[in-house]
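So the chains spell out like this:
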Amino acid sequence: MSALLVIDDLTKNFGGLRVTDHVCLDLRAGEVHALIGPNGAGKTTLISQIMGEITPESGSIRLDGVDMGKLSQAQRVRRGLARTFQVPQVLADYTARDNVVAALYARGASADEAEQHLARANMAARADVRVSDLSHGERKQLELAIALASAPRMLLLDEPMAGLGPVESAQMIAILQGLRGDMAMLLVEHDMKAVFALADRISVLVYGAIIASGAPDEIQNDPRVREAYLGTGED
Amino acid sequence: MRKLIASAIGLALLLAWPFIAEKMGAPALISLFTRMMILGLAASALNIALGFGGLVSLGHAAFYGIGAYAIGISTTHAISGLPFLGLLPGSDQLLVNVLVAMLVSGCAAAIIGALALRTSGIQFIMITLAFAQMIFFLFLALKAYGGDDGLTMRRRNGLFDLNMRDDATFFYVTLGFLLVWLAICARVLHSRFGLLLGGIRQNERRMQAVGVNTFRVKWIAFIISGMGAGLAGALMANLGRFVSLDLMHWTTSGELLIMCVLGGSGTIVGPVLGAFALMGLEATLNTWTEHWQAILGPLLVLMVLAFKGGLARIGGRKS
Ligand SMILES: Nc1ncnc2c1ncn2[C@@H]1O[C@H](COP(=O)(O)OP(=O)(O)O)[C@@H](O)[C@H]1O
Ligand SMILES: [Mg+2]
C-alpha cells in the first residue's frame, strides 16, 4: 500500500522542551497505525501539527504528495484530514445531531447526512440529546461522529478510549473495527488491548522521538520498547 | 406556544400604544416608547455579536453613533444643497439614509472587527472600547458637524407620503423597522451561518478542527451587528431631529450590554425586553427621587440574579 500521509523530519519545541524530535512517519491508505508512548511524549502535539493547529519549527507533512505546510486547518480538513480530541471538545448547548451538522455545514454538506455519521459512531439513538446531558463515553463517541462528518481519508484519533469503562471501551473498539478500511487512522492510545486489537502497525514515541516502528508482534518483542514503555510486557 | 402568545400580546400592546398614551393624556409616552424600541433594536444588534457570537463588544456605541451621524450629515447636505466632500449629494429620504447609515456603520464594523477579532476575551473588550473612544473623539473634533454641540436636523426624513412630524406615525415607522430587523435576526440565526456562529461561541477550537474559518464567521457577525446598531442610530437621530455626541459615549455601549444581559442575551426578543425594562425603570425611578441611579444599580443586580438567562427565558429555556 502507498503512503497517504508522510511526515518527514518534523521538529517542534515548546520553549526549551523538544516535544517533536525529527519525527518521520508513513501512514498508509486504509491502514490503522497506532502511536503509543508515555504521557507527555508529544502525541497530542503531533496530531495538532498534522492538523495545522500548531506550526512545527521544521520538517514537512504531506498528504497524497501535497505539502500541508502552508495550509490552514480548514484547507487540511477539505483535503481529507480530521481529528478527535483526547478531552472531548463538543458544543455543549447543542444536541448531538447539531454537533455533527456543524461539521457538515463546515464543508458545505447537507444536514441530512448527520444520521449516517451518528449511526456509525453508535450515537443514532442519542441524536436529539443535548450534549450537556451526555455521559463521558457518549461524548467520546460523538467526537468520533463529528470527525466522520468531515468525510476524512485520514482520521487522527487522540486516545478514543481515555476515561472509558470496560463496556464502553469494548464498544469503542467495535465501532473503530467497523470503520476499518473506509479510511486510514492514526490511533494514539494507551489502552494496549485496543491497540493490539486494531493496529496494523505501531510506532512508539518517547520524549518526542520515534524509537521503534513495526508490526504489532515486532513492537511487542522489541527490547527498547519494553524498556522504555511497555515495562515487562503485555498487560 | 406560551412564548408565541406572550409575543402576540406584546405586539398588540405596542400597536395600541399611541392610542393608549393619548387616552392617558400623556402623549410624551409615545416618544418614550419609540426611544425604547430604538434602543431595543440597538441592543438586539449588539446581541448578534454578544449573545450569539460570544463577542463581548464594548464599542457598539460607535456604530450606533456613526449611523446617527451618517443620517444627520446626509440630511444636512440635502437641506443645504451642498454635496458632501463636494461629491455626494445628501438625501432627506429615510429609506435612502437608513441604507447609507447601515453601509457606513457596517464599513466601520468591518475595519474595527478585522483588527479586534484577532484578539479575544478581555483584550477584545478593551480594543473595541478603544476604537469607540477614538471615534468619539474624532467626532468631538469634527467642528463642521457640531463637535460637542451635536448636530441638529431641521426636520425628520421623509418616508413615502407619511406625516413624519407626527409622533404616532414615527412610532409605527420605528415599530416596522424593529419588526423587520428582528425577522432578519431570526432568519440569520436559524441559518447555517447561525449554527456555525453558535458553535464558535461554545467552542472555537472544535469549529476550527472541523474546518470552519472562524475568523470570517465572527467578522461577518460583527459587521451585521454593527449595521443593526447603525440602523438604530439613524432612527434615534430622526426621533429627536438631533444627533447628540452622547450617543457615542462609552456608557451607551455599557447600557446596551446591560439590556442584553437583563433581557436575555442569545434570544431574539430578549434585548428588546431588556431595553424596555431598563428604560422603564429609569423613567419610573426618575420621577420618585433624584438619587434614582443609586437604586437602579442594586435593582439591576437583583433582577439579573432573579431572572437567570434574562427576561426572555422566564418560563422556558429558549424564546
Ligand atoms: N501549548 C503548549 N505549550 C507548552 N507546552 C506544551 C503545550 N502543549 C503541550 N506541551 C508540553 O509538551 C509535552 C507533550 O505534550 P502532549 O503532546 O500533550 O503529550 P502526550 O499527548 O503524548 O501526552 C508535554 O510536556 C506538555 O506539557
Ligand atoms: Mg495527549
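Worth saying up front: this structure is predicted, and the values here are computed from it rather than measured.

Each value, and the rule that gives it
Residues numbered from 1 in each chain as written. Chains lettered and ligands numbered in written order. Predicted model: local features only at pLDDT ≥ 70, side-chain atom pairs only at ≥ 80, totals over all residues. Heavy atoms only, no water. Helix = DSSP H or I, 4+ residues; strand = E, 2+ residues; numbered from the N terminus. Rg over C-alpha atoms; globule rule 2.2 N^0.38 Å. Buried < 20%, exposed > 50% of the residue type's maximum accessible area, 1.4 Å probe, protein only. Donors = N, O, S within 2.8 Å, 3.2 Å for Na, K, Ca; no water. Pairing = 2+ DSSP bridges. Axes fitted to C-alpha atoms, helices over the stretch in contact; angles between N-to-C directions. Contact = heavy atoms within 4.5 Å. Buried area = accessible area lost by both parts, 1.4 Å probe. Salt bridge = Lys/Arg side-chain N within 4 Å of Asp/Glu carboxyl O. Polar contact = N/O pair within 3.5 Å; in protein donor to acceptor, adjacent residues only side chain to side chain. Nonpolar A, V, L, I, M, F, W, Y, C, P; charged D, E, K, R; others polar. pLDDT = per-residue confidence, 0-100. Expected span 1.5 Å × (residues − 1). Near = heavy atom within 4 Å. Areas by Shrake-Rupley, 256 points an atom, 1.4 Å probe, with all protein chains shown as cover.

Details of the overall build of chain B
Broken down by element type, chain B carries 12 helices and two strands. Counting helices and strands in the order they occur from the N terminus, chain B gives α-α-α-α-α-β-α-α-α-α-β-α-α-α. In terms of overall dimensions, chain B is globule-like: its C-alpha atoms have a radius of gyration of 19 Å, near the 20 Å expected for 319 residues. Here chain B holds 319 residues, and the buried ones make up 52% of them.

Details of the coordination of the magnesium ion (ligand 2)
Residue and element names in this part refer to chain A. Bound to the magnesium ion (ligand 2) on the protein side are Thr44 (OG1) and Gln86 (OE1), at distances that span 2.0 to 2.2 Å. Here Thr44, found in helix α1 (residues 43–51), pairs with Gln86, found in the loop between β6 (81–83) and α3 (96–106); they are 42 residues apart in sequence, far enough to count as distant. Relative accessible area serves as the criterion here: at 27%, Gln86 is assigned to the partly exposed category.

What to know about the sheet that holds strand β8 (residues 184–188) of chain A
All names here are of chain A. If you walk across this open sheet you meet the six strands as β6-β7-β8-β3-β9-β10, and the pairing is mixed. In the strand order of this sheet, the two ends are held by β6 and β10 (209–214), each with one partner. Averaged over all pairs of adjacent strands, the angle between their axes in this sheet comes to 20 degrees, without regard to strand direction. Of the pairings in the sheet, the one linking strand β7 (residues 154–158) to β8 comprises five bridges and is parallel in character. For Leu155, the partnering residue across the bridge sits in β8 and is Met185.

Digging into the sheet that holds strand β5 (residues 66–67) of chain A
Neighbouring strands of a sheet are bound in pairs by backbone hydrogen bonds; such pairs are parallel or else antiparallel. Residues and elements named next belong to chain A. Spatial strand order, β2-β1-β4-β5: four strands in an open sheet with antiparallel pairing. A strand with exactly one partner marks an edge of an open sheet, and here the two such strands are β2 (17–28) and β5. Direction of pairing for strand β4 (residues 58–63) relative to β5: antiparallel, over a ladder of two bridges. Following the sheet pairing, Leu63 is matched in β5 by Val66. Along the sheet, α1 contacts β1 (3–14), β2 and β4; its crossing angle with β1, the most-contacted strand, is approximately 115 degrees.

Here's the deal with the interface of chain A and chain B
The interface of chain A with chain B comprises 28 residues on the first partner and 18 residues on the second. Summed over both sides, the interface of chain A with chain B buries roughly 2,000 Å², with 53% coming from carbon and sulfur. The largest contributions to the chain A side of the interface with chain B come from Leu91(A), Tyr94(A) and Tyr105(A), which together make up 27% of the buried area. On inspection of chain A and its partner chain B, the count reaches three salt bridges. Applying the counting rule to chain A against chain B returns 10 residue pairs in polar contact (both at pLDDT 80 or more). For the side of chain A that touches chain B, the secondary-structure elements that each account for two or more residues are α1, α2 (73–78), α3 and α5 (136–149) of chain A. Looking at which element gives the most residues to the side of chain A that touches chain B, the answer is α3(A), with six residues. Looking at side-chain class alone, the side of chain A that touches chain B contains 15 nonpolar, six polar and seven charged residues.

Side note on the confidence of the model for chain B
Detail in the predicted coordinates should be disregarded across regions flagged by low pLDDT. Residues and elements named next belong to chain B. Averaged over every residue, the pLDDT of chain B is 87; the share at 70 or more is 98%. Within chain B, the lowest mean pLDDT, 78, falls on strand β1 (residues 151–152), and the highest, 96, falls on helix α8 (residues 204–209). Quick note on the complex model: pTM equals 0.91, ipTM equals 0.91.

A word on helix α3 (residues 60–80) of chain B
Taking 1.5 Å of rise per residue, 21 residues should cover 30 Å, and α3(B) covers 30 Å from first to last C-alpha, within 8% of that figure. Count one or two residues on from α3(B) and you reach Gly81(B), which has phi positive near 80 degrees.

Points about the site of ligand 1
Residues and elements named next belong to chain A. Looking at ligand 1, the residues that line it are Phe14, Leu17, Val19, Pro38, Asn39, Gly40, Ala41, Gly42, Lys43, Thr44 and Thr45. With respect to ligand 1, the backbone of Ala41 contributes an N or O atom lying 3.2 Å from an oxygen atom. Backbone polar atom of Gly42 to an oxygen atom of ligand 1: 2.9 Å apart, as the coordinates give it. Out of a free accessible area of 560 Å², ligand 1 has 58% covered by protein chains. Secondary structure elements with two or more residues in the shell around ligand 1: β2 and α1. At three residues, α1 tops the list of elements feeding residues into the shell around ligand 1.

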